[in-house]
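# Understanding the architecture of this molecule
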Amino acid sequence: MIELDFDKQGGLVPAIAQDHATGEVLMLAYMNRESFELTLRTGIAHYWSRSRNQLWKKGETSGNIQEVIEVRIDCDSDTVLLRIRQIGGAACHTGRRSCFYRVVENGGIREEEE
């Protein structure tokens, strides 16, 4: 049985979604025990939505599904790295490929072009 420390952060662990082919970090979300187990069982990323307080299958409404290629656990057993294949062009709810499109520079924030 895979043991993650869900207790350390109130029942959730951070989950990083990374493109398995390029290494690009696409998003950060959170998982509870149920979403982690669903992800392992189905091979599709499931998360816990803190804002909606509910289970969330990535791409269920947008079609931007994350097929899980590999799951890694950090040394403290409190963070998950999902190496995924992004099906549909966007991991971000804004429609961008990555949630990390804003660059801090010269005391401000610049949005990268797509």
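Before any of the text, the structure's been laid out above.
What you see is a predicted model, and the numbers here were worked out from it, not measured in a lab.

## Section: the state of the cysteines
A complete count under the given rule lists zero disulfides for this structure. The thiol sulfur of Cys99 is not disulfide-bonded, and the nearest other cysteine sulfur, from Cys92, lies at 3.6 Å.

## Side note on a nonpolar patch on the surface
A contiguous nonpolar patch, built from Ile2, Leu40 and Ile73 and spanning about 230 Å² of accessible area, is present on the exposed surface. Within the element layout of this structure, Ile2 appears in the segment before strand 1 (13–19).

## Regarding helix 1 (residues 33–42)
Since one α-helical turn is 3.6 residues long, residues separated by three or four positions face the same way. Of all the positions in helix 1, only Ser35, Phe36, Leu38 and Thr39 are classed as buried. All buried residues of helix 1 project into a common sector of 165° when viewed along the axis, lining one side. Those residues of helix 1 that are buried are in contact with strand 2 (25–31), strand 3 (46–49), strand 4 (54–57), strand 5 (66–73) and strand 6 (80–86). At the N-terminal end of helix 1, a side-chain oxygen is found 3.3 Å from the backbone nitrogen of Glu34, two or three residues along, and the residue is Asn32. Trailing helix 1 by a residue or two, Gly43 shows a phi angle of about 80°, which is positive.

## Description of the pairing of strand 7 (residues 102–105)
Pairing geometry for strand 7 and strand 8 (residues 108–111), over four bridges, is antiparallel. Bridge pairing links Arg102 to Glu111 in strand 8. Adjacent in sequence and paired antiparallel, strand 7 and strand 8 are bridged by two residues, among which Asn106 carries a positive phi angle near 50°.

## Concerning the sheet that holds strand 2
The pairing of strands in a sheet happens through backbone hydrogen bonds and is either parallel or antiparallel. Taken together, the four strands give an open sheet; going across it, the order is 2-1-6-5, and neighbouring strands pair in mixed fashion. Two strands close off the open sheet at either side, each with one partner strand: strand 2 and strand 5. When the angles between neighbouring strand axes are averaged without regard to direction, this sheet yields 30°. Judged from the six bridges that link them, strand 1 and strand 2 form a sheet pairing that is antiparallel. The residue of strand 2 that forms the bridge with Pro14 is Tyr30.

## What to know about the pattern of salt bridges
On inspection of all chains with the given rule, the structure shows eight salt bridges. A salt bridge links Glu70 to Arg72, with the shortest nitrogen-to-oxygen separation between them at 2.9 Å. For Glu70, a relative accessible area of 31% puts it in the partly exposed group. Here the salt bridges do not stand alone but share partners, grouping Asp19, Glu24 and Arg97 into one network.

Criteria and thresholds
- Residues numbered from 1 in each chain as written.
- Predicted model: local features only at pLDDT ≥ 70, side-chain atom pairs only at ≥ 80, totals over all residues.
- Heavy atoms only, no water.
- Disulfide = S-S within 2.5 Å.
- Patch = residues over 30% accessible without salt bridge, like charges linked within 9 Å, V, L, I, M, F, W, Y side chains within 5 Å.
- Areas by Shrake-Rupley, 256 points an atom, 1.4 Å probe, with all protein chains shown as cover.
- Salt bridge = Lys/Arg side-chain N within 4 Å of Asp/Glu carboxyl O.
- Helix = DSSP H or I, 4+ residues; strand = E, 2+ residues; numbered from the N terminus.
- Buried < 20%, exposed > 50% of the residue type's maximum accessible area, 1.4 Å probe, protein only.
- Arc of directions from axis to C-beta.
- Contact = heavy atoms within 4.5 Å.
- Polar contact = N/O pair within 3.5 Å; in protein donor to acceptor, adjacent residues only side chain to side chain.
- Pairing = 2+ DSSP bridges.
- Axes fitted to C-alpha atoms, helices over the stretch in contact; angles between N-to-C directions.

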